[in-house]
Amino acid sequence: MRIDLHTHSSASDGTESPAGVVAAAAAAGLDVVALTDHDTTAGWDEAAAAATAHGVALVRGTEVSALSRGVSVHLLSYLQDPADPALAGLIAQTREARLHRGRAMVERLAEDLPITWDDVVAQQAPGTVVGRPHIADALVALGVVPDRTAAFADLLSARGRYYVPYYAPEAAEAVAAIRASGGVPVFAHPGADGRGRIVPDAVIADLAAAGLAGLEVHHRDHSPEQRARLTALAERLGLLVTGSSDYHGTGKENRLGEHTTAPEVLDAIARQGRVAVVGR
Ligand code: AMP
Ligand code: FE
Ligand code: FE
Ligand code: ZN
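Attention here is on the structure that accompanies the text. Just so it is clear, the model here is predicted, and its values are computed rather than measured.

## Brief notes about the coordination of the iron ion (ligand 2)
- Within the protein, Asp13 (OD), Asp13 (OD), His38 (NE2) and His248 (NE2) serve as the donor atoms for the iron ion (ligand 2), at 2.1 to 2.8 Å.
- If you look at the iron ion (ligand 2), its six donor atoms make angles of 51 to 151 degrees with each other, and the shape they trace is irregular.
- The motif formed by the donor residues of the iron ion (ligand 2), counted along the single chain, is D-x24-H-x209-H.
- A spacing of 5.5 Å is found between the iron ion (ligand 2) and the iron ion (ligand 3). With a gap of 210 residues between them, His38 in strand β2 (residues 32-38) and His248 in the loop between β7 (240-243) and α10 (263-272) connect regions that are remote in the sequence.
- The exposure class of His38 is buried, given its relative accessible area of 8%.
- His248 sits in the buried class, given a relative accessible area of 4%.

## Here we look at the coordination of the iron ion (ligand 3)
- Note on the iron ion (ligand 3): its protein donors are Glu63 (OE), His74 (ND1) and His189 (NE2). The metal-donor distances range over 2.0 to 2.2 Å.
- Motif for the iron ion (ligand 3), donor spacing along one chain: E-x10-H-x114-H.
- Overall, Glu63 belongs to the buried group, its relative accessible area being 1%.
- The class of His74 is buried, set by a relative accessible area of 11%.

## Looking at the environment of Val32
- Position of Val32 relative to the elements: it lies in strand β2.
- Distance from Val32 to Pro263, taken between C-alpha atoms, is 9.6 Å for residues 231 residues apart in sequence.
- Once you skip the residues sitting within four places of it in the chain, Val32 turns out to touch Met1, Arg2, Ile3, Asp4, Val56, Ala57, Val59 and Leu266.

About the thresholds
- Residues numbered from 1 in each chain as written.
- Chains lettered and ligands numbered in written order.
- Predicted model: local features only at pLDDT ≥ 70, side-chain atom pairs only at ≥ 80, totals over all residues.
- Heavy atoms only, no water.
- Donors = N, O, S within 2.8 Å, 3.2 Å for Na, K, Ca; no water.
- Tetrahedral: all angles 85-135°; square planar, octahedral: opposite > 155°, others 65-115°.
- Helix = DSSP H or I, 4+ residues; strand = E, 2+ residues; numbered from the N terminus.
- Buried < 20%, exposed > 50% of the residue type's maximum accessible area, 1.4 Å probe, protein only.
- Contact = heavy atoms within 4.5 Å.

Function cannot be inferred from these measures alone, as they are strictly geometric.
Right under this line is the structure:
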């Protein structure tokens, strides 16, 4: 069984449609794939239909943006009720905040570069959750950089002069909202220190007390040292350990199935979630 529990479609910052991600998962030989777009469930229905058509099992989820004392935290929510207002309300607020933040970053960039907000809008389908990758796509279209990776290396870096943060809920509040909506919260890439600051063990312990179910230990943004630290921490706190690709289509180098999750871990997630795994 090959299980990949973290992917993105064009409902957020992936480059393939939700059905396209599921088709690619089938072609890559995966048995189970999770669609986890940033702060939205908009891709779920299209992905579910495609999962049935391709004979792949689908875990419906969301990668929820949060903050812990100013440090960006991403929480994967699996199998929540998308209509439950607890989480739906939080992510609706975050989508709004992402829009304002995107405009603010483009205003800063426009002081030095020939970019407008319309250039960014032109890179997205209607209803897409906006993120820095769409600003990157606009910069590519304008000929400023060759690809997304080059845009993130400098212009869009969290450590760069054009960066603007966006409002997101406190991580403990997000964990509680995910649980209240019947979702299963797993901390995405908690040791990815190349992207920006990461949270210490004590914060992860607090989140475990607040209802966190697991840690995404096996992820390409983790060094061997971070994997060792997080494996030990998961064991100490009684948390599940997952592994995933964080696939974004052609927008990033991450390949489907490059890291995977054990079947018994998926079983534990499925038992705790309020909605079913499609096709299983
Ligand atoms: P944002 O959510 O707007 O802060 O943008 C962060 C997103 O950009 C992450 O979810 C990543 O998927 C994406 N990202 C980060 N670094 C890169 C990179 N080097 N190349 C492509 N996408 C990236
Ligand atoms: Fe992303
Ligand atoms: Fe993430
Ligand atoms: Zn992700």
